[in-house]
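Letter by letter, the chains look like this.
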Amino acid sequence: MSVESATAIAAAVPPSHAIAGVERVRMPRRVWAGMAVVAVYVLAAVFAPLIAPYDPLEQDIVDSLASPSWAHWLGTDELGRDVLSRLIFASRVDLLVGFLGAALPAILGTVLGAVAGFRGGWTDGVIMRVSDVVQAFPTYILIIALVFVLGPGVTSILVAFTLIAWVAYARLIRTEVLRVRSLDYVAAARASGLPPRRILWRHVFPNSVGQTLVYLPSDIVGATLGLAALSFLGLGIQAPTPEWGAMIAAGQPYIRDQWWLSTVPGLVIVGFGLGLSLIGEGIEEWTRK
């Protein structure tokens, strides 16, 4: 087989398509609905200084624990700070950690999983054994331990998420790479004399990343909930920076009389998770058509 003909065979499967054939199928409506919900949160985070009616750090002890009114639509907290303004500004740090907390381990995991599945041998063995060690511990317990050692803050939380959450992506992409590398067009690419690195990243990887795209939205939800849980425990974002989980914890002592202090931030988290869940389910349905 000549180099030209083998290369033509390898090019028969468009490597730029992560999932073959799905470009001709309409995106489910739930994806658009989820994107609309997430877009509201993103816009609120970007334009928080313009949307928020008050400074989220401004205190008014005289007006503390005020009920919802025209002046304060969601009332005030124990320090007299406007709850609505704090919710809007909290979306900045929560969305930042949520997206980066999923994107960083996704990048690390997909690269390691692709290399492990394509090269095999001792490389695959080392990467998979490391992932086995990480999976041997409860996820949130390990994250809490890492954050406790590294100290509270956005950087330490992102480091902890990256060091733990990459395992799921590595296993997903490795399974797909093992399947794709045995296909005919990959064999043709090898026969044409293409270097292994090009075969992996140009032909195998783009056609193996589909399940990662399905898993990513749910992992963003997991990262957001993880940040909220850490902040609730006092290991996440520290006061006075507004954060949804910290707001739930701060309102807990007043749950009987000022129930909105904890309930509304919880509903905000649920709404964000719902939007991402719709996107993830829609993408999974899209890839199966």
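Just above, that's the structure.
Remember, it's a predicted structure, so these values are computed and weren't measured experimentally.

**Q** Describe in detail the nonpolar core, supporting the description with residues and values.
**A** With 25 residues, the main nonpolar core has Tyr41, Leu87, Leu95, Trp244, Val268, Phe272 and Leu276 as its most contacted residues. Looking at this core, the elements with two or more residues in it are α2 (29-46), α4 (83-119), α10 (210-232), α11 (244-251) and α12 (260-288). The element best represented in this core is α12, accounting for 9 residues. Setting aside residues no more than four positions away along its own chain, Leu95 makes contact with Tyr41, Val42, Ala45, Trp244 and Phe272.

**Q** Summarise the packing of α4 against α10; cite the residues concerned and give the values.
**A** The relative placement of two packed helices comes down to the angle between their axes together with the axis-to-axis distance. The interhelical angle for the contact between α4 and α10, taken along N-to-C directions, is 135 degrees, at an axis separation of 8 Å. In terms of orientation, α4 lies oblique with respect to α10. As α4 packs across α10, the resulting crossing turns out to be right-handed. Of α10, the residues touching α4 (which contributes Val93, Asp94, Val97, Gly98, Phe99, Gly101, Ala102, Pro105, Ala106 and Thr110) are Thr212, Leu216, Asp219, Ile220, Ala223, Thr224 and Leu227. For the contact of α4 with α10, the class distribution of residues is 10 nonpolar, 5 polar and 2 charged.

**Q** Let's hear about the packing of aromatic side chains: which residues, and what values?
**A** This model, assessed by the stated rule, comprises 7 aromatic pairs. Taken together, the ring pairs connect Tyr41, Phe99, Trp244 and Phe272 into an aromatic cluster.

**Q** Let's hear about helix α7 (residues 154-180): which residues, and what values?
**A** Its 27 residues place the ends of α7 37 Å apart at the C-alpha level, agreeing with the 39 Å of an ideal helix rising 1.5 Å per residue. Taking the largest bend as the criterion, α7 deviates by roughly 35 degrees, centred on Ala165.

**Q** I'd like to hear about the side chain of Asp94, residue by residue, with values.
**A** Here Asp94 is to be found in helix α4. One buried charge, Asp94, has no salt-bridge partner; the nearest side chain with opposite charge is Arg86, at 9.8 Å. In terms of polar contacts, Asp94 uses its side chain to reach the backbone amide nitrogen of Trp244, at 3.2 Å. In contact with Asp94, not counting residues within four places along its chain, are Thr224, Leu227, Glu243 and Trp244.

**Q** Talk me through the environment of Ala249; I want residue IDs and the actual numbers.
**A** Topologically, Ala249 is positioned in helix α11. Using a relative accessible area of 22% as the deciding quantity, one classes Ala249 as partly exposed. Taking the C-alpha atoms as reference points, Ala249 and Gly234, separated by 15 residues in sequence, lie 8.7 Å from one another.

Conventions adopted
- Residues numbered from 1 in each chain as written.
- Predicted model: local features only at pLDDT ≥ 70, side-chain atom pairs only at ≥ 80, totals over all residues.
- Heavy atoms only, no water.
- Core = buried A, V, L, I, M, F, W, Y, C linked by side-chain atoms within 4.5 Å.
- Buried < 20%, exposed > 50% of the residue type's maximum accessible area, 1.4 Å probe, protein only.
- Helix = DSSP H or I, 4+ residues; strand = E, 2+ residues; numbered from the N terminus.
- Contact = heavy atoms within 4.5 Å.
- Axes fitted to C-alpha atoms, helices over the stretch in contact; angles between N-to-C directions.
- Parallel < 35°, antiparallel > 145°, perpendicular 65-115°, else oblique.
- Left-handed = near helix turned anticlockwise from the far one by under 90°.
- Nonpolar A, V, L, I, M, F, W, Y, C, P; charged D, E, K, R; others polar.
- Phe/Tyr/Trp six-rings, centres within 6.5 Å; stacked < 30°, edge-to-face > 60°.
- Expected span 1.5 Å × (residues − 1).
- Bend = angle between axes of the 7 residues up to and from the residue.
- Lys, Arg positive; Asp, Glu negative; His and termini not counted.
- Salt bridge = Lys/Arg side-chain N within 4 Å of Asp/Glu carboxyl O.
- Polar contact = N/O pair within 3.5 Å; in protein donor to acceptor, adjacent residues only side chain to side chain.

In short, geometric facts, not functional conclusions.
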